[in-house]
Amino acid sequence: QVQLVESGGGLVQAGGSLRLSCAASGTVFSFNTMAWYRQVPGKQRELVAGISRGGSTNYADSVKGRFTISRDNAKNTVYLQMNSLKPEDTGVYYCAAELFGLHYWGQGTQVTVSS
């Protein structure tokens, strides 16, 4: 069974930083695309950042210049470095991955940014 487990969420003051990690297990294959999404209660889940197997990245406009997504294919792990955090970054962050046309999701990790 492929599993994605997020870690690194927590409470941080505005302007602070957090680094999220998502470790995959249950497969010897590296994922095609890996990504981070976030969701606020009552709103649709939105893409925050994505990264391809080859390292190409894309970001939501709201986080460009502040967040950096990276991956370690040998460890099948994806990271999200979040700097200059704002209260509007608050939400549950989910790791997502695609492999052989199948999509996998982590359980999410809470990020709360206080003003």
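Above this note sits the structure.
Chemist: What is the right way to read the layout of surface pockets from this model?
Modeler: Over the atoms rolls a probe the size of a water molecule, and in doing so it shows where empty space is left. Reported here for the largest pocket is a volume of approximately 150 Å³. Forming the walls of the largest pocket are Thr 33, Ala 35, Tyr 37, Leu 47, Gly 50, Asn 58, Ala 96, Ala 97, Glu 98, His 103, Tyr 104 and Trp 105.

Chemist: Looking at this structure, I do not really get unusual backbone geometry. What am I missing?
Modeler: Leaving glycine out, the prevailing phi sign among residues is negative, and the prevailing peptide bond configuration is trans. One non-glycine residue, Asn 76, adopts positive backbone phi at about 50°. At Ser 84, a residue that is not glycine, the phi angle is positive and equals roughly 50°. Relative to the helices and strands, Ser 84 is located in the loop between strand E8 (77-82) and strand E9 (91-99). Relative accessible area serves as the criterion here: at 40%, Ser 84 is assigned to the partly exposed category.

Chemist: Please explain the packing of aromatic side chains as it appears in this structure.
Modeler: The relative placement of two aromatic rings is captured by the distance of their centres and the angle of their planes. Summed over all chains, the structure comprises three aromatic pairs. Ring geometry for Phe 29 versus Phe 100: centroids 5.1 Å apart, planes at 75°, classification edge-to-face. Highlighted residues: Phe 29 in the loop between strand E3 (18-25) and strand E4 (34-39) and Phe 100 in the loop between E9 and strand E10 (102-105), separated in sequence by 71 residues. Phe 100 gets classed as exposed once you look at its relative accessible area, which sits at 63%.

What counts, and where the lines are drawn
- Residues numbered from 1 in each chain as written.
- Predicted model: local features only at pLDDT ≥ 70, side-chain atom pairs only at ≥ 80, totals over all residues.
- Heavy atoms only, no water.
- 1 Å grid on protein atoms, 1.4 Å probe; cavity = no way out; pocket = protein on both sides within 12 Å on 5 of 7 lines; lining within 4 Å.
- Points joined across faces, edges and corners; volume = space filled by probe spheres on them.
- Helix = DSSP H or I, 4+ residues; strand = E, 2+ residues; numbered from the N terminus.
- Buried < 20%, exposed > 50% of the residue type's maximum accessible area, 1.4 Å probe, protein only.
- Phe/Tyr/Trp six-rings, centres within 6.5 Å; stacked < 30°, edge-to-face > 60°.

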